[in-house]
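Structural features, examined
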Amino acid sequence: MVEEIDKQKVLIVTSVEAEKEAVLRGLGDTGDIEVHVVGVGVVTAAVNTAFLLASKKYDVVINMGIAGGFNGKANVETVVIADELVAADLGAESKDGFLSLDELKLGSVLIPVDDRLTTSIKKILVENGAEVATGAVLTLSTVTGTAETADRLQKRYPNAMAEAMEGYGVGVAAKQMNIPIMEIRTISNMVGPRDRSAWKIKEALVALERASAGLKEVFK
Ligand SMILES: O=C(O)c1cccc(C(=O)CC[C@H]2O[C@@H](n3cnc4c(=O)[nH]cnc43)[C@H](O)[C@@H]2O)c1
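Summary of the structure given here.

Rules used throughout
Residues numbered from 1 in each chain as written. Predicted model: local features only at pLDDT ≥ 70, side-chain atom pairs only at ≥ 80, totals over all residues. Heavy atoms only, no water. Helix = DSSP H or I, 4+ residues; strand = E, 2+ residues; numbered from the N terminus. Rg over C-alpha atoms; globule rule 2.2 N^0.38 Å. Buried < 20%, exposed > 50% of the residue type's maximum accessible area, 1.4 Å probe, protein only. Contact = heavy atoms within 4.5 Å. Areas by Shrake-Rupley, 256 points an atom, 1.4 Å probe, with all protein chains shown as cover. Axes fitted to C-alpha atoms, helices over the stretch in contact; angles between N-to-C directions. Parallel < 35°, antiparallel > 145°, perpendicular 65-115°, else oblique. Left-handed = near helix turned anticlockwise from the far one by under 90°. Nonpolar A, V, L, I, M, F, W, Y, C, P; charged D, E, K, R; others polar. Salt bridge = Lys/Arg side-chain N within 4 Å of Asp/Glu carboxyl O. Polar contact = N/O pair within 3.5 Å; in protein donor to acceptor, adjacent residues only side chain to side chain.

Along its length, the protein carries 6 helices and 10 strands. Taken over the C-alpha trace, the protein has a radius of gyration of 16 Å; the compact-globule value for 220 residues is 17 Å, and the two agree within 12%. Classification of the 220 residues of the protein by burial places 48% in the buried group. Contacts in the protein between residues at least 24 apart in sequence constitute 78% of all its contacts with a sequence separation of at least 6. Of the roughly 10,400 Å² of accessible surface on the protein, 54% is carried by carbon and sulfur atoms.

So, in structure tokens, the structure goes:
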């Protein structure tokens, strides 16, 4: 049994139009769910999400799109449901390694998600036959392009399943307005040595469409 969620005004934000279209195809009749493009990158996504949240009342915000998957954690087409949003490059370098905002006592790089919604959505997607991974989704301003950076990120965040470029920004906007946040990503490429020609964008968008159809069941 999936826990019933009271009727909610849902805002889904994506970084590009192709992701928005995939989400809309999956949702079909959108009902109380709105889908908007907020751009690529953490700052653009944060500012545009904040504008949307200031313009009308929403009960939940979901950042959806494609992402890079960490080796052995999330493969191409896997649906990753974030259990926390992590600003993985927000901090300082030091001779002893990277120091996060938390270690610098200047704030937090972690944004928690809504556990109840996350659990309900995971249950439906698994029932629908999707391969689902739950864990941290890292937000980075630079797409990882080497095995060394991928290893460093995995060591620093062993719970990381995927990396993308917007989640933490969307999360900051939602947190400021006291609105629950979630991040759902489908994997288009593996995190590691850059090979843009190997990105399976079409497959990831089909997986995103299927995941969105599952979402509709949770928020019906
Ligand atoms: O070219 C296309 O048709 C196309 C269709 C949909 C999406 C794209 C993008 O390039 C989306 C950029 C978006 O993807 C996230 N992303 C995907 N893989 C990674 C990664 O390995 N590391 C970080 N971010 C990744 C990211 O959130 C971008 O905003 C193109």
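Moving on from the coordinates now.
With that settled, consider the packing of helix 3 (residues 115-127) against helix 6 (residues 201-218). Between helix 3 and helix 6, the least distance of the axes is 9 Å, while the angle of their chain directions is 125°. Considering their axes alone, helix 3 and helix 6 lie oblique with respect to each other. Once helix 3 is placed against helix 6, the crossing between them reads as right-handed. From helix 3, S120, I121, I124 and L125 reach across to helix 6, where they touch A211, G214, L215, E217 and V218. Residue composition of the contact of helix 3 with helix 6, by class: 6 nonpolar, 2 polar and 1 charged.

With that out of the way, let us pick up unusual backbone geometry. Despite not being glycine, E77 has its phi angle at roughly 85°, a positive value. Mapped onto the elements, E77 comes out in the loop between strand 3 (60-69) and strand 4 (79-87). Even without being a glycine, K105 presents a positive backbone phi close to 55°. Summarising the element assignment, K105 is placed in the loop between strand 6 (97-100) and strand 7 (110-112). On the accessibility criterion, K105 (74% relative accessible area) is exposed.

The tally for this structure, following the rule as stated, stands at 8 salt bridges. Measuring nitrogen to oxygen at the nearest pair gives 2.9 Å for the salt bridge that ties E209 to R25. Of the two residues, E209 is situated in helix 6 and R25 in helix 1 (residues 17-27); the sequence distance between them amounts to 184 residues. Take E209: its relative accessible area is 25%, and that puts it in the partly exposed class.

Glancing now at the environment of F51. Checked against the element boundaries, F51 lands in helix 2 (residues 42-55). Classification of F51 as exposed rests on a relative accessible area of 59%. For the pair F51 and D102, spaced 51 residues apart in sequence, the C-alpha separation works out to 27 Å.

With their axes 7 Å apart at the nearest point, helix 2 and helix 5 (residues 167-176) run at an angle of 30° to one another. The angle between the axes of helix 2 and helix 5 places the two elements in the roughly parallel class. Helix 5 is crossed by helix 2, and the crossing has right-handed handedness. Residues V42, A45, A46, T49, A50 and L53 of helix 2 pack against Y168, G169, V170, A173 and A174 of helix 5. Taken together, the residues of the contact of helix 2 with helix 5 break down into 9 nonpolar, 2 polar and no charged.

The next point concerns the side chain of E34. As for its position among the elements, E34 is in strand 2 (residues 33-37). For E34, the side chain forms a polar contact with the side chain of K56, separated by 2.4 Å. In contact with E34, other than residues within four places in its own chain, are V10, L11, I12, K56 and Y58.

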